[in-house]
Amino acid sequence: MGAEFGRRSGGQSRISQWLRRRPRPEDNTAGEEAGREALLLAAAAAGLPLSPAAHPSAYRCSCDRIGCPTPARHPISFAWQTQSTTDRGQIERWARHQPQANFITATGMVHDVLDVPVAAGREALARLLADGIEVGPVAESEGVMDEGRMLFFTLTRGTPEDEDEWWPCELDCHPETTNEHPGLRWHCRGSYVLVPPARLPGDLAVSWIRGPEHALPDPLTLLEILTDECARVAGEPQHEAAAWPLRG
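Scoring rules and cut-offs
- Along each chain, residues carry numbers from 1 onward, in the same order as the chain's sequence is written.
- For this predicted model, a pLDDT threshold of at least 70 governs which residues receive local features, and a threshold of 80 or more governs which side-chain atom pairs are given and counted, while totals over whole chains, interfaces and linings are taken from all residues.
- Only hydrogens and water are set aside; all other atoms, that is, all heavy atoms of the structure, feed into the side-chain values.
- Between any two strands, pairing holds if DSSP finds at least two bridges.
- Starting at the N terminus, helices and strands are each numbered in turn, a helix being any DSSP run of H or I of at least four residues and a strand any DSSP run of E of at least two.
- Between N-to-C directions, angles cover 0 to 180 degrees, with each direction set by a line fitted to C-alpha atoms, over the stretch in contact for helices.
- Here a residue-residue contact requires only that any non-hydrogen atoms of the pair lie within 4.5 Å.
- Any pair of cysteine sulfurs within 2.5 Å is marked as a disulfide.
- A 1.4 Å probe rolled over the protein chains alone gives each residue an accessible area, and that area as a share of the maximum for its type sets the label: buried under 20%, exposed over 50%, partly exposed in between.
- Each C-beta atom gives one direction from the helix axis, and the arc is the one those directions make.
- A residue's pLDDT is the confidence the predictor assigns to it, expressed on a 0 to 100 scale.
- Here a pair means two rings of Phe, Tyr or Trp (six-membered ring of Trp) with centres within 6.5 Å. Their orientation is stacked below 30 degrees between planes, edge-to-face above 60, and tilted elsewhere.
- Definition of a polar contact: a pair of N or O atoms within 3.5 Å, with one able to donate and the other able to accept a hydrogen when the atoms are protein atoms, and with sequence-neighbouring residues admitted only if both atoms are side-chain atoms.

### Overview of the sheet that holds strand β1 (residues 50–53)
Then, in step 1: The three strands are arranged β1-β4-β10 in an open sheet whose pairing can be described as antiparallel. The strands lining the two open edges of the sheet, one partner per strand, are β1 and β10 (192–195). Adjacent strand axes in the sheet meet at a mean angle of 40° when their direction is disregarded.
Then, in step 2: By the bridge criterion, four bridges tie strand β4 (residues 102–106) to β10 in an arrangement that is antiparallel. Following the sheet pairing, T105 is matched in β10 by V193.
Then, in step 3: Against the sheet, helix α5 (residues 88–97) makes contact with β1 and β4, and its axis sits at roughly 15° relative to β1, the strand it touches most.

Spelled out as structure tokens, the structure:
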């Protein structure tokens, strides 16, 4: 996959390739933890505020909720919005004291996330790079039967002091409304997404396609192509969706 993107984007930096590495079973635990912590600190250094989240427990969620609707995808604390931080020391403590925890990043503070079905996201990313449009960090959340999502990190629309200046969007997505947005979701104020590296039930993962060293773009520069591809993919039978190279 790295070679494919490299051809389309003129080559990526070594740090981007390193950020996309995923732990292998044969890696030792110390190496896995060091890599996980480095990835989290890189995200925080890029300005993404982080907070601990649940993690997989077998095929269930680590939380105590029976039938958790979002296993391993939600924050641990109800105070996640005020708890979220980019403070290096705090993130190091969380990562070391909670070695299995995933992390979420709260949107609407520094960044938003445009969240699309994986088939649409892959085609949109190829078009954006081919057109020379600036694309920021991009993550992929794996799903069963190619039902994953691609997360395009962008600048936020802001949090103005005057609420009258806030412009809502019909695509706005909050944690409790994700099922209402099967196509494009716009995570902004009051929402969050998992930040790589994250583990999901069923041996699935959330990982970087383009790391957080890429500058955050204006969301409106990506929106037209993302919505076009979501509409196109929604109108195609599943087997006609464009193929995508599998990770090695």
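### As for the state of the cysteines
Then, in step 1: In total, this model carries zero disulfides according to the counting rule given.
Then, in step 2: With no disulfide of its own, C68 lies closest to C63 among cysteine sulfurs, the gap being 3.9 Å.
Then, in step 3: Look at C68 and you get buried, because its relative accessible area is 13%.

### Details of the environment of L151
Then, in step 1: Turning to its location among the elements, L151 is positioned in strand β7 (residues 149–155).
Then, in step 2: When the C-alpha positions of L151 and V206 are compared, they lie 9.7 Å apart, and in sequence the two are 55 residues distant.
Then, in step 3: Leave out the neighbours within four places in its chain, and L151 touches V113, L114, D115, P137, V138, A139, V193 and L194.

### Some remarks on unusual backbone geometry
Then, in step 1: Residue P197 is reached from P196 by a cis peptide bond, and omega for that bond is 0°.
Then, in step 2: Relative to the helices and strands, P197 resides in the loop between β10 and β11 (198–200).
Then, in step 3: In this model, A58 sits at a positive phi of 60°, which is unusual for a non-glycine residue.
Then, in step 4: Despite not being glycine, D203 shows a phi value in the positive range, around 60°.
Then, in step 5: With respect to the helices and strands, the residue D203 is situated in the loop between β11 and β12 (204–210).

### Regarding α5
Then, in step 1: Those residues of α5 that fall on the buried side of the exposure criterion are I91, E92, W94 and A95. Projected down its long axis, α5 carries its buried residues within an arc of 165°, all on one side. Residues of α5 that are exposed and angled more than 90 degrees away from the buried face: R96 and H97.

### Considering the side chain of T85
Then, in step 1: As for its position among the elements, T85 is in the loop between α4 (80–83) and α5.
Then, in step 2: Not counting residues within four places of it along the chain, the set of residues in contact with T85 comprises L48, P49, L50, Q90, I91 and W94.

### Some words on the environment of W80
Then, in step 1: Summarising the element assignment, W80 is placed in helix α4.
Then, in step 2: For W80, a relative accessible area of 11% corresponds to the buried category.
Then, in step 3: Setting aside residues no more than four positions away along its own chain, W80 makes contact with S51, P75, I104, A106, G190, S191 and Y192.

### What to know about the confidence of the model for the protein chain
Then, in step 1: Taken as a whole, the protein chain shows an average pLDDT of 81; of its residues, 73% reach a score of 70 or greater.
Then, in step 2: Contacts of residues 1–12 to residues separated by more than four positions or lying in other chains number 20 contacts, the stretch itself having pLDDT below 50.
Then, in step 3: Contacts from residues 14–20, a stretch scored under 50 in pLDDT, to residues over four places away or in other chains number 20 contacts.

### Examining the packing of aromatic side chains
Then, in step 1: Taken as a whole and assessed by the stated rule, the structure comprises three aromatic pairs.
Then, in step 2: An angle of 50° between the planes, with centres 6.3 Å apart, marks the rings of W94 and F103 as tilted.
Then, in step 3: Of the residues examined, W94 reaches a relative accessible area of 11% and is grouped as buried.
Then, in step 4: Accessibility expressed as a relative area gives 1% for F103, which makes it buried.

### Focus on the side chain of S84
Then, in step 1: Tracing the chain through its elements places S84 in the loop between α4 and α5.
Then, in step 2: Since its relative accessible area comes to 11%, S84 is described here as buried.
Then, in step 3: Of the polar contacts made by the side chain of S84, one reaches the backbone oxygen of W80; its length is 2.6 Å.
Then, in step 4: With sequence-adjacent residues up to four places away left out, S84 is seen in contact with P49, L50, S51, I104, A106 and M109.

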